[in-house]
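Given next are the chains, with one letter for each unit.
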Amino acid sequence: MGCDADLVVWPLKLSKMGDDLSKLQSGLDADREVVRKFLMENGFRKEEISESPPQITDYYAQGYTGQRLPQYRYKEETTLTVRSTQVALAKQVMERSGDLIRRGVVLASQYGNKPEFLFTGLNTIKPEMIAEATHNARKAAEQFALDSGSKVGAIRQARQGLFTIRSRDMNSPHIKKVRVVTTIAYFLVED
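About the thresholds
- Residues numbered from 1 in each chain as written.
- Predicted model: local features only at pLDDT ≥ 70, side-chain atom pairs only at ≥ 80, totals over all residues.
- Heavy atoms only, no water.
- Helix = DSSP H or I, 4+ residues; strand = E, 2+ residues; numbered from the N terminus.
- Buried < 20%, exposed > 50% of the residue type's maximum accessible area, 1.4 Å probe, protein only.
- Contact = heavy atoms within 4.5 Å.
- Areas by Shrake-Rupley, 256 points an atom, 1.4 Å probe, with all protein chains shown as cover.
- pLDDT = per-residue confidence, 0-100.
- Expected span 1.5 Å × (residues − 1).
- Polar contact = N/O pair within 3.5 Å; in protein donor to acceptor, adjacent residues only side chain to side chain.
- Pairing = 2+ DSSP bridges.
- Axes fitted to C-alpha atoms, helices over the stretch in contact; angles between N-to-C directions.

A. Examining the overall build of the chain more closely. When you go through the chain residue by residue, the secondary structure sums to four helices and eight strands. Put simply, the chain runs from its N terminus to its C terminus through helices and strands in the order β-β-α-β-β-β-α-α-β-α-β-β. Along the first, second and third principal axes, the C-alpha set of the chain runs to 85 × 40 × 25 Å. Here the chain holds 191 residues, and the buried ones make up 35% of them. For the chain, long-range pairs separated by at least 24 residues make up 75% of all intrachain contacts whose partners lie at least 6 apart in sequence. Surface summary for the chain: the accessible area is close to 12500 Å², and the carbon and sulfur share equals 50%.

B. Molecular detail of the confidence of the model for the chain. Confidence along the chain averages 90 in pLDDT terms, with 96% of residues attaining 70 or more. No element of the chain has a lower mean pLDDT than strand 1 (residues 2-4), which averages 87, and none a higher one than strand 3 (residues 49-51), which averages 96.

C. Broad picture of helix 4 (residues 122-148). For helix 4, which comprises 27 residues, the first-to-last C-alpha distance of 38 Å matches the rise-based estimate of 39 Å (1.5 Å per residue) to within 8%. Residues Leu 122, Ile 125, Met 129, Ala 133, Ala 137, Ala 141 and Ala 145 constitute the buried set of helix 4. Immediately downstream of helix 4, the backbone of Gly 149 shows phi near 70 degrees, a positive value.

D. Geometry of the environment of Val 93. With respect to the element layout, Val 93 can be found in helix 2 (residues 87-95). In this view, Val 93 contacts Trp 10, Phe 38, Leu 39, Asn 42 and Phe 44; residues no more than four positions away in its chain are not counted.

E. Summary view of the side chain of Ser 172. Note that Ser 172 resides in the loop between strand 7 (150-167) and strand 8 (175-190). A relative accessible area of 8% means that Ser 172 is categorised as buried. Side-chain polar atoms of Ser 172 contact the side chain of Arg 168, separated by 2.8 Å.

F. Quick look at the sheet that holds strand 1. Ordered by their spatial adjacency, three strands build an open sheet running 1-8-7, and the pairing between neighbours is antiparallel. Two strands close off the open sheet at either side, each with one partner strand: strand 1 and strand 7. Strand-to-strand twist in this sheet, taken as the mean axis angle between neighbours without regard to direction, amounts to 20 degrees. When strand 7 meets strand 8, the two strands line up antiparallel, connected through 13 bridges. Directly across from Arg 166, in strand 8, lies its bridge partner Lys 177. Sheet contacts for helix 4: strand 1, strand 7 and strand 8; angle to strand 8, the most-contacted strand, approximately 40 degrees.

Rendered as structure tokens:
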């Protein structure tokens with residue numbers, strides 16, 4: 001069954017480098033406010049935006065020297081995260097996130113720092129999916145019965161298997177495929 005995602009989690013990672021921690025923090029504060037303003041101007045509510053504590057890397061304290069010292073001693077990072085049920089809006093705003101560059105903010109890229117599109121309505125569609133699986137199993141049993149010269153009787157045993165939710169494909173993570181595996185055994189009776 002195809003379903004649209006109903007929740008988006010979009011991390012926006014900010015990163016600055018420098019030698020003066022105070023200036024570094026001021027620069028990151030300014031970027032954070034630009035991003036927050038951008039998100040709210042585009043329709044997200046304040047309560048949909050959260051912020052992680054800053055993380056500071058001191059390259060000199062790590063004993064990193066090599067042939068030469070890094071250009072800057074400190075790297076500071078923080079992440080603003082949008083967690084919203086406004087999935088369509090999030091997709092539109094993601095397409096416009098280049099506006100942040102025009103405003104002087106560069107979003108840091110990092111492995112695992114990608115938007116997630118989730119489907120949380122499984123309990124709502126479970127009954128329909130189980131009914132469809134039961135219907136399909138009965139049709140298959142009827143074909144077996146027809147081929148063997150019998151009729152389909154009552155259900156002998158039924159098991160609901162695992163529900164899986166996956167992205168339709170790599171380029172459409174907002175569209176989900178929900179699948180259930182069921183095993184149903186019927187009695188076959190003489191015709």
